[in-house]
Amino acid sequence: MSAAEHNSDDLKTPLLPINDPGEPSSSSPFSLKSLVTRKSLYVLLGPLLCAIICVFVKFDGPVTSRNMLGVLAWVFSWWLTEAVPMPITSIAPLFLFPLFGISSADSVAHSYMDDVITLVLGSFILVLAVERYNIHRRLALNITSRFCGEPVNPPLLLLGICATTFFVSMWMHNVACAVMMMPVAIGILHRLPMGPEQSTHVRKFCQAVVLGVTYAAPIGGISTLTGTGVNLILVAMYKGAYPDADPIGFNTWFFFGFPLAVLIFFALWAILCLLYLRRGSSQALAPYLDKSHLKGELDLLGPMAYEEKMVLAVFGMMVALWMTRNITDDIPGWGALFHGRAGDGTVSVVMATLLFVIPSKKQKGEALMDWNECKKLPWSIILLLGAGFAIADGVQSSGLADVLSGTLDFLQGVPYLAIPPAVCAISAIITEFITSNDATVTLLLPILIQMAKTMQVHPLLLMIPGAVGSQFAFMLPTATPTNVVGFMTGHMDIPNMVKMGIPLKIAGTVCLSILMPTLGAFVFGTNQGAP
């Protein structure tokens, strides 16, 4: 064993390096220049913007509305520049709100443990169980092998890969879905020739697959409340602004979100086939892709184990309970037994708890899940959701929503049927070029709530296009995390994203504009005025 290895294992070895007094120190002397870095300037930018707004900006409303705008500038500048880690920025409202007199620390802390937060926590624990037992890979190979065709049918195979991603994204966060499904898609593409030997047909097919998985994940997430954080923020803000109105439950949203997502998904598939799958693709791909390859990978996984079956059973039970908590006004679900005190978050936590109770056959004495697996939980996303709820409450309670709603007064003269596309387009542009979809919704929805009160229309007529529109960020790699996942594969570039993103954004806006005043009026009662 070398001396270095011995020292690293020695418990007496100091954790911090100690300079030998007999050797000259290699550290450079301290200087003020070492503190003047881009990151330190970004850190100072937040408080500086806040101070400028608090000193120079004058509102007709209360002082707290001006202070809230300053806090927003502080928090959003840190989010945009990543001056400090995102989780730290997300907990900034816990000390900034009391400091500026916006709300008490107790009321802010409640936003970080909402029923929606427990819904996310339980869902992510189930996602970790799915990953642990490789269920997502088995599901992908099963569905893809059925769509492959014999001989290979590129449009059908592309539909199978994208449909698998769409389906998986319905039940877990779209970022987690993209991270899980992209290796499966790339594994299929690795069978194809790369480099100079790659033909145009093969290159186009590779681009279509990566673009399809990248975009199918957020589109599938529109279907359910758990598919994306944006839907959860929408539900929580609507519940907070209208506590006496009927809340948007899992099945209520599904009746609207799923048809909308299916329409946009088929628009995605049609655009991909039109732009990337030319004639002759089948002959170019036939030597490399067939059912035998996919079945071979499936055989390597072996038969479904007991642990996989139990995780799937828990997952299916959770979905069934979500769907049946509230059925219709005439047919109450099981939630009526608890007088409405049990929410979707309660279901998620109970089902996640079962994973730590049901015994495992592989490891005797152990449960299906180990608590150490929970170290992988995306706490940054959970804290970001909490920050979104806190900011939404702060914008409302401080009076800033009343002030900012005047900036969108031009929408009051827009015809009823033109409201959804107008709001959707504004939200999509903000997400594409300025900030993330979660941050966009966090800032935009409180303003839209106030506008709905001024216009005397149902708030969901504005809130749903604003929330769903923020998920139509398809043109730039930095717009959403799922775009980053696809961009990092090397199979897609910005010109391809723009070429694909523009028609897909238009198609999504058209689908939403058609369904919002029709199906939305039936599901949410948006044609009946404010709740």
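Residues numbered from 1 in each chain as written. Predicted model: local features only at pLDDT ≥ 70, side-chain atom pairs only at ≥ 80, totals over all residues. Heavy atoms only, no water.

As annotated in an unreviewed UniProt entry, the chain is Tonoplast dicarboxylate transporter from Hibiscus sabdariffa. Here is the UniProt Subcellular location (unreviewed entry) comment for the chain, exactly as written: "Membrane". (UniProt positions renumbered as here; feature names shortened; annotations may be inferred.)

(A) Expanded view of helix 2 (residues 38–56). Between its first and last C-alpha, helix 2 extends 26 Å over 19 residues, near the 27 Å set by a 1.5 Å rise per residue. Within the sequence span of helix 2, burial applies to G46, C50, I53 and C54. (Helix = DSSP H or I, 4+ residues; strand = E, 2+ residues; numbered from the N terminus. Expected span 1.5 Å × (residues − 1). Buried < 20%, exposed > 50% of the residue type's maximum accessible area, 1.4 Å probe, protein only.)

(B) Structural view of the side chain of S513. Counting through the fold element by element, S513 comes out in helix 24 (residues 494–515). Those residues in contact with S513 that lie beyond four places of it in its chain are P420 and P421. (Contact = heavy atoms within 4.5 Å.)

(C) Geometry of the packing of helix 13 (residues 250–276) against helix 24. Close contact between helix 13 and helix 24 brings their axes to 9 Å; oriented N to C, the two are set at 145°. Crossing handedness for the pair helix 13 and helix 24: right-handed. Judged by residue contacts, F256, P259, L260, L263, I264, A267, L268, I271, L272, L275 and Y276 of helix 13 engage N496, K499, M500, P503, L504, A507, G508, C511, L512 and L515 from helix 24. When grouped by side-chain class, the residues that make up the contact of helix 13 with helix 24 number 18 nonpolar, two polar and one charged. (Axes fitted to C-alpha atoms, helices over the stretch in contact; angles between N-to-C directions. Left-handed = near helix turned anticlockwise from the far one by under 90°. Nonpolar A, V, L, I, M, F, W, Y, C, P; charged D, E, K, R; others polar.)

(D) The packing of aromatic side chains, seen in detail. Throughout the structure, instances matching the rule amount to eleven aromatic pairs. Centre to centre, the rings of W253 and F256 are 5.9 Å apart; their planes meet at 65°, and the pair counts as edge-to-face. With a gap of three residues between them, W253 and F256 both fall in helix 13, about one helical turn apart. For W253, a relative accessible area of 0% gives the class buried. You can call F256 buried: its relative accessible area is 0%. Both rings, one in F356 and one in W371, keep their centres 6.2 Å apart while their planes meet at 50°; by these two values the pair is tilted. Residue F356 is located in the loop between helix 17 (344–355) and helix 18 (379–397), and its partner W371 is located in the loop between helix 17 and helix 18; the two are separated by 15 residues in the primary sequence. Taking the relative accessible area as the measure of exposure, F356 reaches 28% and is therefore partly exposed. Aromatic ring contacts, followed pair by pair, group F166, F265 and F266 into a single cluster. (Phe/Tyr/Trp six-rings, centres within 6.5 Å; stacked < 30°, edge-to-face > 60°.)

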